[in-house]
Amino acid sequence: MMGKVIYLDNAATTKVYDEVVEAMLPYFTEYYGNPSAVYTFAGQANKAVTIAREQIAKVIGARTDEIYFTGGGSESDNWALKAVIEEYGEKKGKHIITTTVEHHAILHTCEYLESLGCEITYVNVDEEGMIRMDELKAAIRPDTVLISVMTANNEVGTIQPVEEIGALAHEHEIIFHTDAVQAFGHIPIDVEKMHIDLLSASGHKINGPKGIGMMYINKSVKIKSFIHGGAQERQRRAGTLNVPGIVGFGKAAEIALRDMEKRSKYEEELRNHLAERVMNEIKYAKFNGSKTSRLPNNANFSFQYVEGESMLILLDQRGICSSSGSACTSGSIDPSHVLTAMGVPEELAHGSIRLTLSELNTLEEIDYTVDELKKIIERLRSMSPLYQG
Ligand SMILES: *Cc1c(COP(=O)(O)O)cnc(C)c1O
């Protein structure tokens, strides 16, 4: 296996499909015109952007004029929260409800908004990472302006009851935003049925390029531009459009929607095989998250008497790419905020590993990974003063 990489970190980013690269290339070298220009030559680029918008809108059942391109998922999350407060804060109130398990793009934006005088309620989750609906209901106040709950969690893969949350929000005339970066193109989403007003998605989590994302903004929501400048994106997001990025994101979205069923079935089979082997063959292991309401490609384990970072390093020496949770917390010694929120004890949370699969993985890769993981954990435990065998 030397020299070969086994990539099991698809929640962090994904390989750009060859088909996607091929679709993008002409927009660097051939049709490089600025889509805002009036001459015919720029029309090619403009047309390509329109097609991409259609491809992306289709994934979530939106209208094309409700899709706004951004520089990625983090920008979309920032825009949603800050712009809702800016537009509706004075009129309706400055209370936001979110959860304890959101991505840092949401949590750190909330912290920033708190410093500006907003009030944030962080609703707890249960031991599977599922939002506590009773707490959510109890948190609603007359000045609640926004509910932001992620569609699926990036660390443990738990899928939230988005439709129920959206219905509750609308019952109280509260705007509903969902960070769907992990879910978009991976599981079915319907913005109308799920009562979603704002939705964030990103290209590089669906085998598209990095640095391109989008926000779906429902027609009824009046939020202003986040980036000021030119009149691009119907005056809501200035800056020359990243045409190759948009084309790639569009192509990736088209492929994701086309292959969703067979792809998730395959990933789920691999993931279940991985989880079964790990739980059967490794002692003192915990499978984190929900067994049923879960992204098909996510596995997250905690092992007692081992250190997560040591596992990652030893796996890396065998060419296996894994993560201890969210990429943003790697290198820090704090245990994952998601596992902590789910009530995983600190010493167990420290021994956690996230393996996120793709349809490019094989059964052989999964078996090799489990074989190596077994040896690594045995070795680490043999060195642990706490482990008695
Ligand atoms: C990756 C991710 C983001 C950030 O998206 P970028 O495009 O990398 O900025 C936000 N939320 C979730 C849930 C993610 O997984």
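Residues numbered from 1 in each chain as written. Predicted model: local features only at pLDDT ≥ 70, side-chain atom pairs only at ≥ 80, totals over all residues. Heavy atoms only, no water.

Peer 1: What is the right way to read the pairing of strand S7 (residues 198–202) from this model?
Peer 2: On any regular strand, side chains alternate: one points to one face of the sheet, the next to the other face. For S7, the tally of buried residues reaches 5 of 5 residues, placing the bulk of the element in the interior. On S7, burial covers both faces: Leu198, Ser200 and Ser202 on one face and Leu199 and Ala201 on the other are all buried. When strand S6 (residues 175–179) meets S7, the two strands line up parallel, connected through 3 bridges. Residue pairing across strands places aspartate 179 opposite serine 200, the latter belonging to S7. With 5 bridges joining them, S7 and strand S8 (residues 213–217) adopt antiparallel strand pairing. By the bridge assignment, serine 200 is partnered in S8 with methionine 215. (Buried < 20%, exposed > 50% of the residue type's maximum accessible area, 1.4 Å probe, protein only. Helix = DSSP H or I, 4+ residues; strand = E, 2+ residues; numbered from the N terminus. Pairing = 2+ DSSP bridges.)

Peer 1: For this particular structure, what's the right way to read the site of the ligand?
Peer 2: The ligand sits among 13 residues. The nearest are Ser74, Asp179, Gln182, Ser202 and Lys205. Serine 74 places a polar side-chain atom, nitrogen or oxygen, 2.8 Å from an oxygen atom of the ligand. At 2.8 Å, a side-chain N or O of lysine 205 approaches an oxygen atom of the ligand. Within the complex, the protein chains bury 87% of what would otherwise be the 380 Å² of accessible surface of the ligand. Among the residues making up the shell around the ligand, the classes are represented as 2 nonpolar, 8 polar and 3 charged. (Near = heavy atom within 4 Å. Polar contact = N/O pair within 3.5 Å; in protein donor to acceptor, adjacent residues only side chain to side chain. Areas by Shrake-Rupley, 256 points an atom, 1.4 Å probe, with all protein chains shown as cover. Nonpolar A, V, L, I, M, F, W, Y, C, P; charged D, E, K, R; others polar.)

Peer 1: Explain the packing of aromatic side chains here, please?
Peer 2: Within a pair of aromatic rings, the relevant descriptors are the distance that separates the centres and the angle that separates the planes. Summed over the entire model, instances satisfying the criterion amount to 9 aromatic pairs. Ring centres of tyrosine 305 and tyrosine 387 lie 5.2 Å apart, and the angle between their planes is 50°; this geometry places the pair in the tilted category. You can see tyrosine 305 sitting in the loop between strand S10 (298–303) and helix H10 (308–317) and its partner tyrosine 387 sitting in the segment after helix H13 (363–382), a full 82 residues away along the chain. Every member of this aromatic cluster is reached through a ring pair, and the members are Tyr284, Tyr305 and Tyr387. If you follow lysine 91 out to its NZ or CZ, it ends over the ring of tyrosine 88, 5.2 Å from the centre. (Phe/Tyr/Trp six-rings, centres within 6.5 Å; stacked < 30°, edge-to-face > 60°. Lys NZ or Arg CZ within 6 Å of the ring centre and 35° of its normal.)

Peer 1: So what exactly am I meant to see when it comes to the sheet that holds strand S3 (residues 95–99) here?
Peer 2: Strand pairing in a sheet takes place through backbone hydrogen bonds and is either antiparallel or parallel in direction. In spatial order, the strands read S2-S8-S7-S6-S5-S3-S4; together these 7 strands make up an open sheet with mixed pairing. The open sheet has two free edges, formed respectively by strand S2 (67–70) and strand S4 (119–123), since each of these has just one partner strand. Strand-to-strand twist of the sheet, defined as the mean angle between neighbouring strand axes without regard to direction, takes the value 20°. Along the sheet, helix H7 (residues 162–171) contacts strand S5 (144–148) and S6; its crossing angle with S6, the most-contacted strand, is approximately 155°. (Axes fitted to C-alpha atoms, helices over the stretch in contact; angles between N-to-C directions. Contact = heavy atoms within 4.5 Å.)

Peer 1: Could you clarify how one ought to interpret the side chain of glutamine 182 in this entry?
Peer 2: Within the secondary structure, glutamine 182 is located in the loop between S6 and S7. Polar contacts involving the side chain of glutamine 182 include one to the main-chain carbonyl oxygen of alanine 11, which spans 2.9 Å. Contacts of glutamine 182, omitting those with residues within four sequence positions, involve Ala11, Ala152, Asn153, Asn154, Lys205 and Leu295.

Peer 1: Mind showing me how you'd approach the sheet that holds S10 here?
Peer 2: Ordered in space as S9-S10-S12, the 3 strands form an open sheet in which the pairing is antiparallel. Of all the strands in the sheet, the pair left with one neighbour each is strand S9 (285–287) and strand S12 (352–356). Taking the axes of each pair of neighbouring strands and ignoring which way they run, one obtains an average angle of 25° across the sheet. As paired elements, S10 and S12 share 5 bridges and run antiparallel to each other. Bridging from a neighbouring strand, serine 302 pairs with serine 352 of S12. Here helix H9 (residues 243–281) sits on the sheet in contact with S9, S10 and S12, set at roughly 10° to S10. Each of S10 and S12 touches H10; the most contacted strand, S12, lies at about 45° to it.

Peer 1: Sorry if this is basic, but what is going on with the nonpolar core here?
Peer 2: Side chains of nonpolar character tend, in soluble globular proteins, to be buried together. The biggest cluster of nonpolar side chains holds 55 residues, and the ones touching the most others in it are Ile60, Ile147, Phe184, Leu199 and Met214. For this core, the secondary structure elements donating two or more residues are helix H1 (18–24), helix H3 (40–60), S2, helix H6 (133–139), H7, S7, S8 and H9. A total of 8 residues in this core trace back to one element, the largest contributor, which is H3. Each residue touching isoleucine 147, except ones within four places of it in the same chain, is listed here: Ile97, Leu136, Ile140, Ile165, Ala169, Ile174, Ile175, Phe176 and His177. Grouped together as the second largest cluster of nonpolar side chains are 27 residues, Leu8, Ala299, Met311 and Leu357 included. (Core = buried A, V, L, I, M, F, W, Y, C linked by side-chain atoms within 4.5 Å.)

Peer 1: What is the right way to look at the packing of H10 against H13 in this model?
Peer 2: Helices that pack against each other are described as a pair by the angle of their axes relative to one another and the distance between those axes. Running from N to C, H10 and H13 point in directions that differ by 135°, and their axes come no closer than 10 Å. Classified by the interaxial angle, the pair formed by H10 and H13 is oblique. Judged by the twist between their axes, the crossing of H10 over H13 is right-handed. Facing Ser310, Met311, Leu314 and Leu315 of H10, the residues of H13 in contact are Leu373, Ile376, Ile377, Arg379 and Leu380. Of the residues that constitute the contact of H10 with H13, the class distribution is 7 nonpolar, 1 polar and 1 charged. (Parallel < 35°, antiparallel > 145°, perpendicular 65-115°, else oblique. Left-handed = near helix turned anticlockwise from the far one by under 90°.)

What is shown is where atoms sit, not what they do.
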